[in-house]
Amino acid sequence: MNYNLAFLGFGNVGKALAKLLLKKEEELKQRYDVTFTVTGISTGKHGSAINSQGIDLRSALTADNFNQFSAVTAPADAFEFIRNCGADILFENSPVNYESGQPAVDHLKLALGLG
């Protein structure tokens, strides 16, 4: 089964997760018959990319700007990114207010509402 993945936030945590996924990619395929395609990456500082055909995760790990990987116009904000990235699984790694949980709470509510 192939899953479309999106990263909202791609700093230290997002990149560490991406590296782990790449490291375990063959094991996920062989052991669980799971493959993945990254269809979106969005950051506050380094742009956003949405590409239903897939984003090369290895190239993204060294990129300074993600707009170059996008097949569509960059989304105006995180909510538009979530609506349009085509992900089955969203990794929410954006900076968060530890008292309110925002903006992560609203991001996740939207993502869950979209299925």
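Everything in this summary refers to the structure shown in the same document. (Residues numbered from 1 in each chain as written. Predicted model: local features only at pLDDT ≥ 70, side-chain atom pairs only at ≥ 80, totals over all residues. Heavy atoms only, no water.)

**Re helix α1 (residues 12–32)**
For step 1, the next point in the chain: The sharpest bend along α1 reaches about 55 degrees and sits at K24.
For step 2, the next point in the chain: By the burial criterion, the buried members of α1 are G14, A18, L21 and L22.
For step 3, the next point in the chain: Contacts made by the buried residues of α1 are with β1 (2–8), β2 (35–42), α2 (57–62) and β4 (89–92).
For step 4, the next point in the chain: Of the residues flanking the end of α1, it is D33, one or two places downstream, whose phi is positive at about 55 degrees. (Bend = angle between axes of the 7 residues up to and from the residue. Helix = DSSP H or I, 4+ residues; strand = E, 2+ residues; numbered from the N terminus. Buried < 20%, exposed > 50% of the residue type's maximum accessible area, 1.4 Å probe, protein only. Contact = heavy atoms within 4.5 Å.)

**Focus: the packing of aromatic side chains**
For step 1, the next point in the chain: Here the structure, examined in full by the defined rule, presents three aromatic pairs.
For step 2, the next point in the chain: Geometrically, the ring pair formed by F7 and F10 is edge-to-face, given 5.2 Å between the ring centres and 80 degrees between the ring planes.
For step 3, the next point in the chain: The buried category is assigned to F10, whose relative accessible area is 5%.
For step 4, the next point in the chain: Taken together, the ring pairs in this structure connect F7, F10, F66 and F91 into an aromatic cluster. (Phe/Tyr/Trp six-rings, centres within 6.5 Å; stacked < 30°, edge-to-face > 60°.)

**Things to note about the layout of surface pockets**
In this approach a probe as big as a water molecule rolls over the atoms, and the regions it shows empty are the leftover space.
For step 1, the next point in the chain: Here the largest pocket defines a volume of roughly 370 Å³.
For step 2, the next point in the chain: Lining the largest pocket are 20 residues, with G9, F10, N93, S94 and P95 sitting closest to its centre.
For step 3, the next point in the chain: Among the elements that line the lining of the largest pocket, the one with the most residues is α1, at three residues.
For step 4, the next point in the chain: Class assignment of the residues belonging to the lining of the largest pocket gives a composition of eight nonpolar, 11 polar and one charged.
For step 5, the next point in the chain: Counted as a void, the second largest pocket has a volume near 200 Å³.
For step 6, the next point in the chain: In terms of residue count, the dominant contributor to the lining of the second largest pocket is helix α4 (residues 104–113) (three residues).
For step 7, the next point in the chain: For the lining of the second largest pocket, the class distribution of residues is nine nonpolar, two polar and two charged. (1 Å grid on protein atoms, 1.4 Å probe; cavity = no way out; pocket = protein on both sides within 12 Å on 5 of 7 lines; lining within 4 Å. Points joined across faces, edges and corners; volume = space filled by probe spheres on them. Nonpolar A, V, L, I, M, F, W, Y, C, P; charged D, E, K, R; others polar.)

**A look at the pattern of salt bridges**
For step 1, the next point in the chain: Taken as a whole, this structure holds three salt bridges when the rule is applied.
For step 2, the next point in the chain: Here E27 and K24 are joined by a salt bridge, their closest N and O atoms 3.4 Å apart. Of this pair, E27 and K24 both sit in helix α1, three residues apart, roughly one helical turn.
For step 3, the next point in the chain: For E27, a relative accessible area of 35% gives the class partly exposed.
For step 4, the next point in the chain: Exposure remark for K24: the relative accessible area of 34% places this residue in the partly exposed category.
For step 5, the next point in the chain: Residue K29 pairs with D33 through a salt bridge whose shortest N-O separation is 3.3 Å.
For step 6, the next point in the chain: For K29, a relative accessible area of 37% gives the class partly exposed.
For step 7, the next point in the chain: Each of K24, E27 and R31 takes part in a single network of salt bridges with overlapping partners. (Salt bridge = Lys/Arg side-chain N within 4 Å of Asp/Glu carboxyl O.)

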